Amino acid sequence: MTTVIQIGLVNGRHRCVVRAGLIRPQICYSGPDRCRVGLVATRALLLGGDEVELQVDVGPGSALELFDVAATVAYDGRGRQASWVVGLSVGDGASVLWRGEPLVISDGATVQRRLRAELGNAATAVIRDTVVFGRFRQDGGDLHAISEIAVSSRDVLLEDQLLTRSERIRTGVLGDNRVMDTVTCVGSPAPAPGDPGTSGSAVAFQLIAGAGSVTRFLGSDSTASPLHDVWEQLQQGFRQPQAS
């Protein structure tokens, strides 16, 4: 069953409708400024054969703060693939801030993950996504990750990453790095290359038509990512009261 989150404004307050699947949405706050929802796994995830589907709809003018309660571990699938598919719709003038916890790809895991995001006019989306290949003393399994983002029906990001063990160790892909930490900002001010928060191994590139940016850190240890500080700044900005 698809997990569903629907956010809208009703009489000046946010109204949130949820439906649980393999992921259970937990409403933590709902007020005039935003709705805050946590995502909790209903059982051990990801196992071979699991098919997680999440549909998030943020209505015009509304704001959603979404967060993962804990990291997700993709376990040895014993020859079976697991999938994680997200559909995100952000209406005109709406905004979403999504703090994803790490996805850990264990030895023997095969995961296909897909994000399709559709943003309306003057909408914003800020998403943090972290992938860690391997648990302690592991090399990690295989990941195929596809991200598609469109603004006002125009594609601004199409990224297809085939990160199997044999592919990602190649020079110019991940090499010896096992952590990929990414912050994607669409329709929102974003950290630029050279900013203090994006020093070290983090780099940023701009989306087409000035739609936003993707800032990414590659390294061997997630605690070393400079995007922790970047995310704190973005989160604080999202929570500031909007001028009337």
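This text follows the structure it describes.
Since this is a predicted model, take the numbers as computed values, not measurements. (Residues numbered from 1 in each chain as written. Predicted model: local features only at pLDDT ≥ 70, side-chain atom pairs only at ≥ 80, totals over all residues. Heavy atoms only, no water.)

**Student:** Got a minute to help me understand the sheet that holds strand E14 (residues 154–163) in this structure?
**Tutor:** Here 7 strands make up an open sheet; going across it, the order is E2-E1-E5-E8-E11-E13-E14 and the pairing mixed. Looking at which strands have only one partner, the edges of the open sheet turn out to be strand E2 (13–19) and E14. Ignoring which end each strand starts from, the neighbouring axes of this sheet average 5° apart. Direction of pairing for strand E13 (residues 142–151) relative to E14: antiparallel, over a ladder of 9 bridges. Opposite Ile146, over in E14, you have Asp160 as the bridge partner. (Pairing = 2+ DSSP bridges. Helix = DSSP H or I, 4+ residues; strand = E, 2+ residues; numbered from the N terminus. Axes fitted to C-alpha atoms, helices over the stretch in contact; angles between N-to-C directions.)

**Student:** I keep staring at the side chain of Ser225 and nothing clicks. Help me out?
**Tutor:** Relative to the elements of secondary structure, Ser225 occurs in the loop between strand E17 (212–219) and helix H2 (227–239). Judged by its relative accessible area of 5%, Ser225 falls in the buried class. Filtering out sequence-adjacent residues up to four positions away, Ser225 remains in contact with Arg128, Asp181 and Phe217. (Buried < 20%, exposed > 50% of the residue type's maximum accessible area, 1.4 Å probe, protein only. Contact = heavy atoms within 4.5 Å.)

**Student:** Even after reading the chapter, I still don't get the nonpolar core, so can you show me in this structure?
**Tutor:** One broad rule of soluble globular proteins: the nonpolar side chains tend to lie buried together. Core analysis: the biggest nonpolar cluster contains 48 residues, and Ile5 and Leu46 have the highest contact counts within it. Element by element, the count of residues in this core is highest for strand E8 (residues 82–90), at 5 residues. With near-sequence residues (within four places) excluded, Ile5 lies in contact with Cys16, Val17, Val18, Pro25, Val37, Leu39, Leu54, Gln55, Val56, Asp57 and Leu66. (Core = buried A, V, L, I, M, F, W, Y, C linked by side-chain atoms within 4.5 Å.)

**Student:** Help me understand the side chain of Asp50, please; the structure alone is not making it clear to me.
**Tutor:** Along the chain, the position of Asp50 falls in the loop between strand E4 (35–41) and strand E5 (51–58). We classify Asp50 as buried; its relative accessible area is 6%. At 2.7 Å, the side chain of Asp50 forms a polar contact with the backbone nitrogen of Leu47. (Polar contact = N/O pair within 3.5 Å; in protein donor to acceptor, adjacent residues only side chain to side chain.)

**Student:** When you look at the pattern of salt bridges in this model, what are you seeing that I'm missing?
**Tutor:** Where side chains of opposite charge bring their charged atoms close, a pairing between them can arise. Applying the stated rule across the entire model yields 13 salt bridges. Where Asp129 meets Arg113, a salt bridge forms, and the shortest distance between an N and an O atom there is 2.9 Å. Note that Asp129 is positioned in strand E12 (residues 124–133) and Arg113 in strand E11 (residues 110–119), a separation of 16 residues in sequence. Measuring nitrogen to oxygen at the nearest pair gives 2.6 Å for the salt bridge that ties Arg128 to Asp181. With Arg128 in strand E12 and Asp181 in strand E15 (residues 179–186), this pair connects stretches of sequence that are 53 residues apart. One exposure class covers both Arg128 and Asp181, and it is buried. (Salt bridge = Lys/Arg side-chain N within 4 Å of Asp/Glu carboxyl O.)

**Student:** For this particular structure, what's the right way to read the pairing of E17?
**Tutor:** Two faces belong to every sheet, and in a regular strand the side chains alternate between them. Most of E17 is tucked away: 7 of the 8 residues are buried. Where E15 meets E17, 8 bridges bridge the pair, whose relative direction is antiparallel. Within E17, the residue paired with Val186 across the bridge is Gly212. Across 5 bridges, strand E16 (residues 202–206) lies against E17 in antiparallel orientation. What sits directly across from Gln206, in E17, is Ser213. Hairpin geometry of E16 and E17 is characterised by an intervening segment of 5 residues between the two adjacent antiparallel strands and by a positive phi of about 60° at Ala209.

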